[in-house]
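Residue-level listing of the chains:
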Amino acid sequence: MSRSPTLPDRPTLDLDPESSPEERLAALREHLRRLVDVNEQLDDQLEAVRDHRADLREEVDDLQRENETLKTASLYLATVEDLSEDGAVVKQHGNNQEVLTDVSERMRERIEVGDRVTINDSFSIQDVLDAETDARAQAMEVDQSPSVEYEDIGGLEEELREVREAVEDPLVNPEQFAAVGVEPPSGVLLHGPPGTGKTMMAKAVANETDATFIKMAGSELVQKFIGEGSRLVRDLFDLAAQEEPAILFIDEIDAVAAERTDSKTSGDAEVQRTMMQLLSEMDGFDERGDVRIIAATNRFDMLDSAILRPGRFDRLIEVPEPDQEARERIIEIHTREMNLAEAVDYESLAAKTEGFSGAELESLTTEAGMFAIRDDRAEVTMADFEAAYEKIVENAEDGSLPPYASYVR
Ligand code: ATP
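The structure displayed is predicted, hence computed values, not measured ones. (Residues numbered from 1 in each chain as written. Predicted model: local features only at pLDDT ≥ 70, side-chain atom pairs only at ≥ 80, totals over all residues.)

Chemist: I'd like a description of the overall build of the protein chain, backed by residues and values.
Modeler: Scanning the protein chain from terminus to terminus reveals 13 helices and eleven strands. Relative to its 409 residues, the protein chain shows a buried fraction of 32%. Sequence separation of 24 or more characterises 73% of the internal contacts of the protein chain that already satisfy a separation of 6 or more. (Helix = DSSP H or I, 4+ residues; strand = E, 2+ residues; numbered from the N terminus. Buried ≥ 20, exposed ≤ 12 C-beta atoms within 10 Å, placed from the backbone. Contact = placed C-beta atoms within 7 Å.)

Have a look at this one:
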C-alpha cells in the first residue's frame, strides 16, 4: 500500500550570459512562476501525506487496543466465602473449587463475605461485581403491583379462601393474630397440576394486599446458578424484607426440596445446600416483617417432609383441575373482552373440555379468536371454539406444544 508520492521535477534556471537584462528578467520571472507552482504541488502532497499519517496512527491505535484485549486473559467469577488474616477464601462458580488467596490491603477494603468477584488464573481477586452486573437479580421476577384480581380466577373459591386466610389476613390484620395469641402460618404450599391458577392466586393476593410480588422458580435456583443456590435464597429473602409488604412466590419448589436420595453427586449436594438455606431462612423468618411465602409444585409426591414441618410450609392447599362449573367460569373470564356470537354456549364448551387446565381453557379462547381473525370476522362463533378445541386436542395427541405456548405467558 505504498502511497509515496512522486516529487515534481525541480525547475532549473539557465541564464544565458549573452542575453539582455530584459530577457534575463523574463527568464527569472518564468523560473519564479515554476518554483511557485512546484511549491504548491509540494504543499498538496504534504497535506495528503499528513492525512495518510493520521489514518495510519488511528490504525495503529486500534491494533494496539486489540492486542491489549487479546493479551488480557478472561476472568472467572467467584464468591467470597470467608475473609481472615490469611486472606480470602473464594469459591469459583461453575466448578465450586474453593481456594485461599492473598488479598491486597486495597482490595480487602472493598470486599465483604458474600460478594461476587472476578478472579484471574492464579485466583487473585481482580474486581468486585456491582449489583447491575449481577445476573442473579434477573432470575427473580419482581412486580410491585401485579394486575391479577380475585375475580379473574375461575373456580377455586375454597382454595382462595384458604390462601387469603393464611396470607392476606396476617398482612392486613396482624393485630388479630397477636390478640388471639397464634402465629400465622409461615408458608403456604399450593400443589396441583400445571396451569391451574397457582401463580395467579399468589399474584392476586399480592395485588389485593398492595404487596410486592417476588417470584423465583426453584429450577432457576439449582440449574442456572450452580454453586450459588443458597446465596440466591438469601438474596431472595433479603429482597423480600426490603420490599415489605411482600409475597414471596417460589414456583417449582420440588426442584430444591425433593426428597433426599442416597446419591452423593455434587449436584445433589448443591440442591441440599440450597434447601437447607431455604429452611433456615424460613425458620428465622419472624423478624422479617410483612413477608409471606407461597410455594407451588406439580410434584407434591416428591417433596421432602422437612419442608412440610410446622413453622415451614404448614398450610397445604391442593389446587385441583377445574370441574364443570369452574371451567364454565374460566371460559367466561377469558372471553370477557371478546366479541362473542349469541350462540356461544359456555356450558357445552365446559362439558366438552373435561380434563383441560385453566391455562388450556385460556388457550382455547385465544385460539378460537385466532380462527375468527383468520376468517376476517370480528365475531367469534361456536364453530371457532369447536375448531380451536379440535386443534388443541390434536396437538396434545401428537405431543407437539400446545398452541398457546408461543403467545401465552
Ligand atoms: P404452573 O404449575 O405451570 O406454574 P400455575 O398453576 O401456576 O401453573 P398459572 O400460571 O396461574 O398456573 O396459570 C397460567 C394461566 O392459565 C394464567 O395466566 C391464566 O390465564 C390461566 N388460568 C389458569 N387457571 C386459571 C383459573 N382458575 N382461572 C382463570 N384463568 C386461569
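Read on for the rest.
Chemist: Quick rundown of the site of the ligand? Include the residues and the values.
Modeler: Lining the immediate surroundings of the ligand are 20 residues, of which Gly197, Lys198, Thr199, Gly358 and Ala359 lie closest. Of all the secondary structure elements, the ones that give two or more residues to the shell around the ligand are helix 5 (198–208), helix 10 (324–334) and helix 12 (358–374). Across the shell around the ligand, the residue classes tally to nine nonpolar, eight polar and three charged. Three or more residues apiece are contributed to the shell around the ligand by two domains, here domain 3 (137–318) and domain 4 (324–408). (Near = placed C-beta within 6 Å. Nonpolar A, V, L, I, M, F, W, Y, C, P; charged D, E, K, R; others polar. Domains from an automatic or database assignment.)

Chemist: Let's hear about the sheet that holds strand 10 (residues 291–297): which residues, and what values?
Modeler: Read across the sheet, six strands follow the order 6-8-9-10-7-11 without closing on themselves; strand pairing throughout is mixed. With partners counted over all chains shown, the strands left at the sheet margins are strand 6 (141–143) and strand 11 (313–318), one partner each. Each strand axis lies, on average, 20° off the axis of its neighbour in the sheet, ignoring direction. Pairing analysis gives three bridges linking strand 6 to strand 8 (residues 212–217), with the strands arranged antiparallel. Residue pairing across strands places valine 142 opposite isoleucine 214, the latter belonging to strand 8. (Pairing = 2+ DSSP bridges. Axes fitted to C-alpha atoms, helices over the stretch in contact; angles between N-to-C directions.)

Chemist: Quick rundown of the sheet that holds strand 2 (residues 87–92)? Include the residues and the values.
Modeler: Judged by pairing direction, the sheet is antiparallel, and its five strands sit side by side in the order 3-2-1-4-5 without closing on themselves. Bordering the open sheet on either side are strand 3 (98–101) and strand 5 (125–128), each of which pairs with just one other strand. Put simply, the sheet's adjacent strands are angled 40° from each other on average, direction ignored.

Chemist: An account of the packing of helix 3 (residues 157–172) against helix 5 is requested, with residue identities and associated values reported.
Modeler: The geometry of helix 3 relative to helix 5 is characterised by a closest axis approach of 11 Å and an angle of 50° between their N-to-C directions. When the axis of helix 3 is compared with that of helix 5, the two are oblique. Relative to helix 5, helix 3 is oriented so that their crossing is right-handed. Across from Leu160, Val163, Arg164, Val167 and Glu168 in helix 3, the residues of helix 5 making contact are Met201, Val205 and Glu208. Considering only residue class, the contact of helix 3 with helix 5 consists of five nonpolar, no polar and three charged. (Parallel < 35°, antiparallel > 145°, perpendicular 65-115°, else oblique. Left-handed = near helix turned anticlockwise from the far one by under 90°.)

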